[in-house]
Amino acid sequence: SDYGTVIMLSGDEKQRLDSKFDEEALTNALVRLTSGTEHIVCFTTGHDELDPDEDTDTSGLGLAVLKLEGQNYAARKVGLAREGRVPEDCEVVLIANPRVDLLPGEREMVAAYIAGGGAVVMLFKPLDAPATTLDLTRYGITVGQDIVVEQNPKYSVAGGDPTYIFLDQDSFDFHPITTDLTGGVLLRAARSIRAAPAIQGIEVQELARTTEYGWGETDLATMPITFDETADLPGPVPLIVVAEVTDPAAIEIGPTTLGERTHILDHDADPASADAELPSDDATPAATTTDDATDHKRAPGGKLVVFGDVEFASNMLLDQVGNQD
């Protein structure tokens, strides 16, 4: 280039920079040089998820993948229905807004992966994948059938759209995922994600919330949007939740055979109904009685992070404020 070439050496490893010498390029080259390992992020397919290969359309995840590849991550598409399980070399499984529900057997594959110590990230937009989101109660997480609005002017976007939500350091709880975030994060069209009744062996923490002036709006047909204390979720509304598994026996796993109904929750129920939102307190998931439940490797340390938004990571908003961080 006009400024020459930068070559970084460490033992037999080499990284070469020919054109871009800014902080990000240098840092990424150092990561690739010193890590010695390429980390595989598996993106599920087959449920109309956002495409990790799409870097031109606003709804794709390609720009985020390019950032990850610069830091020694490799993105790979995985079809759970074809594989029959989560491949062992997947260090993280990312399920990016499935607009079509995962099959019951696929949901059990994900559960087996988490119970075996695996890490999963899920991102959802409002109303999509009702059976998949309802299934997260097995991990102590409740996904709301709502759209979150924010009316605190400091955390909303000037000009009107109340579904844009700005988060800053005051919005986040203390956790390794959020501790180093120094910039803001901009969400759009989010749904509530909150901790469900505690499950022994799974530690659940809400990582980000709106202010008390936000709420989870359940009536999406009536305009203008107003808070209904009898139906809506009052603020502060949680938007991101992490579940960390300390006892893998806490995760019930049913048969991974495709087509079988493996969970006691009624996945055909109307997701907007209160009864469909949570199982009854005395319900015992049928998966605990299946023969398959004992056939899976179990190890502590599994993690599940659930975001009530996907557009912050999409090509449309990735370059806004601190979204890529």
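Here is a short report on the structure shown in this document.

### Regarding the overall build of the chain
When you go through the chain residue by residue, the secondary structure sums to six helices and 16 strands. Per-residue burial over the chain gives 47% buried out of 325 residues. Within the chain, residue pairs in contact and separated by at least 24 positions form 74% of the contacts whose partners lie at least 6 positions apart. When the accessible area of the chain is evaluated, it comes to approximately 15,900 Å², of which 50% is carbon and sulfur surface.

### Some remarks on the sheet that holds strand S12 (residues 202-209)
The seven strands are arranged S4-S3-S5-S6-S16-S15-S12 in an open sheet whose pairing can be described as mixed. Two strands close off the open sheet at either side, each with one partner strand: strand S4 (73-78) and S12. Taken over all neighbouring pairs, the strand axes of this sheet differ in orientation by 20° on average, direction set aside. Summarising the sheet, strand S15 (residues 238-245) and strand S16 (residues 303-307) pair through five bridges and their orientation is antiparallel. When the bridges of S16 are listed, Val242 appears paired with Val305. Contacts from helix H4 (residues 104-115) reach strand S5 (92-96), strand S6 (119-123), S15 and S16, with the element oriented near 135° to S6.

Calculation rules
- Residues numbered from 1 in each chain as written.
- Predicted model: local features only at pLDDT ≥ 70, side-chain atom pairs only at ≥ 80, totals over all residues.
- Heavy atoms only, no water.
- Helix = DSSP H or I, 4+ residues; strand = E, 2+ residues; numbered from the N terminus.
- Buried < 20%, exposed > 50% of the residue type's maximum accessible area, 1.4 Å probe, protein only.
- Contact = heavy atoms within 4.5 Å.
- Areas by Shrake-Rupley, 256 points an atom, 1.4 Å probe, with all protein chains shown as cover.
- Pairing = 2+ DSSP bridges.
- Axes fitted to C-alpha atoms, helices over the stretch in contact; angles between N-to-C directions.

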